Amino acid sequence: MQFRDLNRQYKELKTQIDEGIQEVIDSAAFISGKQVEELEKKLAEYVGVKHCVTCANGTDALSMALMAWNIKEGECVFVPDFTFFASGEVVAFEGATPIFVDVDENTYNMDPKKLDEAVRKVLAEGKLIPRVIIAVDLFGLPADYDAIRLVADKYGLKILEDGAQGFGGELNGRKACSFGDISTTSFFPAKPLGCYGDGGAVFTDDDEVDAYLRSIRVHGKGTHKYDNLRIGWNSRLDTIQAAVLLPKLQAFIEYERDAVNRIAARYTELLKDIVVTPNFDAKYVSSWAQYCIQLKSERERDELQEYLRQQGIPTMIYYPKPMHLQAAFSGTGTVLGDCCITERLCKTVLALPMHPYLEENEIESVANCVNHFCKMNPSTGTNFS
Ligand SMILES: *Cc1c(COP(=O)(O)O)cnc(C)c1O
């Protein structure tokens, strides 16, 4: 069994993907080919925003958004403590200070109450200027934008939606990557919509930001590539990656997102009385970048992981370390409240195999093994007995 079986997906879409790649090779338009523009139009339409600007990866997408707002030293950006490193890295890269905020134990996303407290503490200290909230749609679930938008409006902050894992999620019938003043995603192969290398995109309704992004992704170009208005960089999505993404987006829209939701519901049905399973309000739809369960302790989690490994079931720990404890942030990153939920989650979460082509017998086999382990170790899991 594979954790995320990209080969099964390729077998399903082989003809279209192979033809798409061949077409790019035949045209020799490897950079900025027509497939890139076609993909940007389709992505913007699916997400429900005015502009989509593709780029080289999800980290560049976040950096380009911060550059568009001219985020700099002396300013701070609020980032969840429980996320992939890049969400905070980009802030420090621009010379600004990431302030790490604890998350909700059910949704794994930024806790809006603790966010409000953190903003108030920064203002009271008077050393840093609060500018942006980076809300992450962790594991495929949109952050609580109803509450986060209220905090942003209250203090005049921008929202940057890090939808690297969130593409395809929904809140109140609206699609992920449409909730930020600027939103981003990643097409890293293992993300909900992945390509065959690195790739990313930025989404916005703001015409000025759109024009700025299209300039900085090609060396700050003006009317053409050799007319340079500003210092930019080189961050484009290769045409071959766009050609891979076009049929994959189609499959994602037609059935893959529904498939992962069916698989997640099946996991939950089989596991909910044994361990802590994902639990969120019906106003959300997840795109299930990960399906995570929670165990009672680090020891039990690690023992279950080892037991599953022996049974041929791969699992992952997302994430083993809170952002505020990463060595890279010592001296730059700050926490202004406690992050006890994140600290606990880092010790107790376990991500199970998850992808749209997982079959019923595989789901049952994973659930049976978890069940067997918990029966042998009665103190494990939810201990409902
Ligand atoms: C993957 C990821 C990124 C970075 O995307 P890349 O395409 O790998 O640069 C940023 N934020 C989160 C939450 C991610 O999961």
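Scroll up for the structure.
Parameters and conventions
Residues numbered from 1 in each chain as written. Predicted model: local features only at pLDDT ≥ 70, side-chain atom pairs only at ≥ 80, totals over all residues. Heavy atoms only, no water. Core = buried A, V, L, I, M, F, W, Y, C linked by side-chain atoms within 4.5 Å. Buried < 20%, exposed > 50% of the residue type's maximum accessible area, 1.4 Å probe, protein only. Helix = DSSP H or I, 4+ residues; strand = E, 2+ residues; numbered from the N terminus. Domains from an automatic or database assignment. Contact = heavy atoms within 4.5 Å. Near = heavy atom within 4 Å. Polar contact = N/O pair within 3.5 Å; in protein donor to acceptor, adjacent residues only side chain to side chain. Areas by Shrake-Rupley, 256 points an atom, 1.4 Å probe, with all protein chains shown as cover. Nonpolar A, V, L, I, M, F, W, Y, C, P; charged D, E, K, R; others polar. Phe/Tyr/Trp six-rings, centres within 6.5 Å; stacked < 30°, edge-to-face > 60°. Lys NZ or Arg CZ within 6 Å of the ring centre and 35° of its normal. Disulfide = S-S within 2.5 Å. Salt bridge = Lys/Arg side-chain N within 4 Å of Asp/Glu carboxyl O.

Colleague: Please set out the nonpolar core residue by residue, giving values where relevant.
Modeller: Soluble, globular proteins show a tendency: their nonpolar side chains are buried together. Phe-82, Val-91, Tyr-108, Ile-134, Phe-139 and Leu-160 are the most contacted members of the largest nonpolar core, which totals 41 residues. Secondary structure elements with two or more residues in this core: strand 1 (51-55), helix 3 (58-68), strand 2 (75-80), helix 4 (86-93), strand 4 (129-136), helix 7 (207-216), helix 10 (340-348) and strand 13 (349-352). By residue number, the principal contributor to this core is helix 3, which donates six residues. Residue contributions to this core reach at least three from each of two domains, namely domain 1 (6-247) and domain 2 (255-376). In this structure, Phe-82 is in contact with Val-103, Tyr-108, Leu-138, Phe-139, Tyr-318, Tyr-319, Thr-342, Leu-345, Cys-346 and Val-349, ignoring residues within four places of it in sequence. Counting 26 residues, the second largest nonpolar core, distinct from the first, contains Ile-263, Leu-308, Val-366 and Ala-367.

Colleague: Describe the site of the ligand, listing the residues and the values that go with them.
Modeller: For the ligand, the set of nearby residues contains 14 residues, the closest of which are Gly-58, Thr-59, Asp-162, Ser-186 and Lys-191. Gly-58 has a polar backbone atom sitting 2.7 Å from an oxygen atom of the ligand. Between the ligand and Thr-59, the relevant distance is 2.5 Å, taken from an oxygen atom to a side-chain nitrogen or oxygen of the residue. Contact with the protein chains covers 93% of the free accessible surface of the ligand, which is 380 Å². Looking at the shell around the ligand, the elements with two or more residues in it are helix 3 and helix 4. Within the shell around the ligand, the residues separate by chemical class into four nonpolar, eight polar and two charged.

Colleague: So what about the packing of aromatic side chains? Which residues, and what values?
Modeller: For any pair of aromatic rings, the description rests on two quantities: the centre-to-centre distance and the angle between the ring planes. Summed over all chains, the structure comprises 19 aromatic pairs. On the basis of an interplanar angle of 5° and a centroid distance of 4.8 Å, the ring pair of Tyr-145 and Phe-179 is categorised as stacked. Here Tyr-145 is found in helix 6 (residues 145-155), whereas its partner Phe-179 is found in the loop between strand 7 (174-175) and strand 8 (182-186), with 34 residues between them in sequence. In this structure, Tyr-145 and Phe-179 share a single accessibility class: buried. Following the ring pairs from residue to residue traces out a cluster consisting of Phe-3, Phe-82, Phe-84, Tyr-108, Phe-139, Tyr-318 and Tyr-319. Across from the ring centre of Tyr-46, 4.5 Å away, lies the NZ or CZ of Lys-175, which sits over that ring. Taking the ring centre of Phe-84 as reference, the NZ or CZ of Lys-191 above it sits at 5.7 Å.

Colleague: Quick one: what's the story with the state of the cysteines, residue by residue and with numbers?
Modeller: By definition, a disulfide links two cysteine residues through a covalent bond between their sulfur atoms. Enumeration according to the criterion identifies zero disulfides in this entry. Distance from the sulfur of Cys-52, which forms no disulfide, to the nearest cysteine sulfur (Cys-55) is 8.8 Å. According to the relative accessible area criterion, Cys-52 is buried, its value standing at 2%.

Colleague: Before we move on, can you summarise unusual backbone geometry with the specific residues and values?
Modeller: The omega torsion of the bond from Tyr-318 to Tyr-319 falls at 0°, within 30 degrees of zero and hence cis. Within the secondary structure, Tyr-319 sits in the loop between helix 9 (298-310) and strand 12 (334-335).

Colleague: Before we move on, can you summarise the pattern of salt bridges with the specific residues and values?
Modeller: Applying the stated criterion to the full structure yields 25 salt bridges. With its nearest N and O atoms 3.2 Å apart, the salt bridge here joins Arg-214 to Glu-40. Within this pair, whereas Arg-214 is found in helix 7, its partner Glu-40 is found in helix 2 (residues 34-47), the two being separated by 174 residues in sequence. Note that Glu-75 and Lys-72 form a salt bridge whose closest N and O atoms lie 3.2 Å from each other. Salt bridges sharing common partners tie together Glu-40, Asp-210, Arg-214 and Arg-217.

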